[in-house]
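# Chain and residue survey
If you want the building blocks of each chain, they are given just below.
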Amino acid sequence: MKESIVRPDPHQWAPSAPAGRPVRGDLPGPGEAAVWIVPLDRVPDGCPERVLDRRERARAAAFRDGLARRRYVASHLALRTVLGGCLGIAPREVRLTREACGLPHCAERHGRPRLAAAEPAVEFSLSRAGGLAVVALAAAPVGIDVESRAFRHPDSPLDGMIRRLHPAERAALAELPPARREEGFLSCWVRKEAYLKGIGTGLPGGLAGACVGLAADAAADGRGPAPTTRGWVFLDLDLPPGHRAALAVAAPDGEAARTPPELTVKTFRVPPREF
């Protein structure tokens, strides 16, 4: 399996060649994280939905667009294949559940997804953007987000989105020339989503509550504002071409996070006829 080892403070990554399916030795240990990049350009034959659980099948059925539904199914098959391979079990044997919501005064179980089994202690996160999915694994709480540079929501102008961010992030983006502001915003946005997924709130947790900063390569001063997210560290990934991604990983016991985990990045394709 070909892979790319990303050291602390990565800002660009050269895609590796397509690799084989994950195996037990791919499970990250303490101080490590792993990301699988999954092209969604093909969907397995047959009826792969039967591998998914009731919640996933309901979500898939709600898609009106056939391509979006197939990509959703393929991304969740990829998640189960990665987890199953690392745990030594079949994708259909992976049992998922949800933690309680990370928002105060909300005890509903729609927080961070996790394995139903108590062991081994592995945290995971899934994100997709168009024809690409990314799966992150770590020994500590983790969140990942990927966005396409080509995507723009018609009802969300850039200036309006920037106004929803933390004041320090807004100030950092204001320092950028107009031609670089959209890229700077995108680098902040993927960090924000990764962090909010990692703490289990998602976007309802608020875009302005905490500063996650900007990717160094997107900031005017090469650093960006310091994050206020004590106990979390960010890794910025410019991968593959046309996409921006970020990983947020929690430090043990909420301690101040100074050293990013060693990150392994691999490319994986869902087997076309396995399900």
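I will try to describe carefully the structure that is included in this document. (Residues numbered from 1 in each chain as written. Predicted model: local features only at pLDDT ≥ 70, side-chain atom pairs only at ≥ 80, totals over all residues. Heavy atoms only, no water.)

### Thoughts on the environment of Leu-79
- Its place among the elements puts Leu-79 in helix H2 (residues 66–87).
- Taking C-alpha positions, Leu-79 is 9.4 Å from Val-38, a pair spaced 41 residues apart along the chain.
- Setting aside its immediate chain neighbours within four residues, Leu-79 contacts Leu-96, Phe-124, Leu-126 and Val-135. (Helix = DSSP H or I, 4+ residues; strand = E, 2+ residues; numbered from the N terminus. Contact = heavy atoms within 4.5 Å.)

### Considering the side chain of Ser-187
- Mapped onto the elements, Ser-187 comes out in helix H5 (residues 178–198).
- Note on Ser-187: relative accessible area 0%, which makes it buried.
- Reaching out from Ser-187, the side chain makes a polar contact with the backbone oxygen of Gly-184 at a distance of 2.8 Å.
- At 3.3 Å, the side chain of Ser-187 and the backbone nitrogen of Ala-215 are in polar contact.
- Beyond its immediate chain neighbours, meaning those up to four positions away, Ser-187 contacts Leu-214, Ala-215, Ala-218 and Arg-244. (Buried < 20%, exposed > 50% of the residue type's maximum accessible area, 1.4 Å probe, protein only. Polar contact = N/O pair within 3.5 Å; in protein donor to acceptor, adjacent residues only side chain to side chain.)

### A look at the pairing of strand S9 (residues 243–250)
- The element S9 is largely enclosed, with a buried count of eight among its eight residues.
- Burial along S9 is two-sided: His-243, Ala-245, Leu-247 and Val-249 facing one way and Arg-244, Ala-246, Ala-248 and Ala-250 facing the other are all buried.
- In this sheet, S9 lies alongside strand S7 (residues 142–148) in antiparallel orientation, the contact comprising seven bridges. In the sheet register, Val-146 faces S9, and the bridge partner there is Ala-245.
- Relative to S9, strand S8 (residues 232–237) runs antiparallel, the two being bridged by six bridges. Each bridged residue has a counterpart across the sheet, and for Phe-234 the counterpart in S9 is Ala-248.
- In sequence, S8 turns back onto S9 through a hairpin of five residues, with Gly-242 there showing a positive phi of about 90°. (Pairing = 2+ DSSP bridges.)

### Some points on the packing of helix H1 (residues 54–62) against H2
- Between H1 and H2, the least distance of the axes is 8 Å, while the angle of their chain directions is 160°. Relative to H2, the element H1 lies roughly antiparallel. Once H1 is placed against H2, the crossing between them reads as right-handed. Facing H1, whose interface residues are Glu-56, Arg-59 and Ala-60, H2 presents Arg-69, Tyr-72, Val-73, His-76 and Arg-80.
- Taken together, the residues that form the contact of H1 with H2 break down as three nonpolar, one polar and four charged. (Axes fitted to C-alpha atoms, helices over the stretch in contact; angles between N-to-C directions. Parallel < 35°, antiparallel > 145°, perpendicular 65-115°, else oblique. Left-handed = near helix turned anticlockwise from the far one by under 90°. Nonpolar A, V, L, I, M, F, W, Y, C, P; charged D, E, K, R; others polar.)

### Side note on the packing of aromatic side chains
- Taken as a whole, this structure holds four aromatic pairs when the rule is applied.
- Ring centres 5.7 Å apart and planes at 35° place the aromatic pair Phe-185 and Trp-189 in the tilted group. Pair noted here: Phe-185 and Trp-189 are both in helix H5, with a separation of four residues, about one helical turn.
- An aromatic cluster is present here, built from Tyr-195, Trp-232 and Phe-234 joined pairwise through their rings. (Phe/Tyr/Trp six-rings, centres within 6.5 Å; stacked < 30°, edge-to-face > 60°.)

### Concerning the sheet that holds S8
- Reading across from one edge, S7-S9-S8 is the order of the three strands in this open sheet, with antiparallel pairing throughout. With one partner strand each, in any of the chains shown, S7 and S8 form the two edges of the open sheet. Sheet twist, expressed as the mean angle between neighbouring strand axes with direction ignored, is 15°.
- Across the sheet, H5 lies against S7, S8 and S9, angled at about 145° from S7, the strand it touches most.

### Remarks on the pairing of strand S2 (residues 32–39)
- Of all eight residues making up S2, seven are buried, and the element is well covered by its neighbours.
- Of the pairings in the sheet, the one linking S2 to strand S6 (residues 132–138) comprises seven bridges and is antiparallel in character. If you follow Val-35 over to S6, its bridge partner there is Ala-136.

### Examining the pattern of salt bridges
- Tallying each qualifying case throughout the model produces 11 salt bridges.
- The partner of Arg-69 in a salt bridge is Glu-49, with the nearest N and O atoms 2.4 Å apart. You can see Arg-69 sitting in helix H2 and its partner Glu-49 sitting in the loop between S2 and H1, a full 20 residues away along the chain.
- Residue Arg-69 is classed as partly exposed on the basis of its relative accessible area, which comes to 26%.
- Here Arg-244 and Glu-183 are joined by a salt bridge, their closest N and O atoms 2.7 Å apart. In this pair, Arg-244 sits in strand S9 while Glu-183 sits in helix H5, placing the two residues 61 residues apart along the sequence.
- Exposure remark for Arg-244: the relative accessible area of 2% places this residue in the buried category.
- Because the salt bridges share partners, they merge into one network encompassing Arg-149, Glu-183, Asp-217 and Arg-244. (Salt bridge = Lys/Arg side-chain N within 4 Å of Asp/Glu carboxyl O.)

### Focus on the state of the cysteines
- This structure, assessed with the given rule, holds zero disulfides.
- No disulfide involves Cys-211; its sulfur sits 7.0 Å from that of Cys-188, the nearest cysteine. (Disulfide = S-S within 2.5 Å.)

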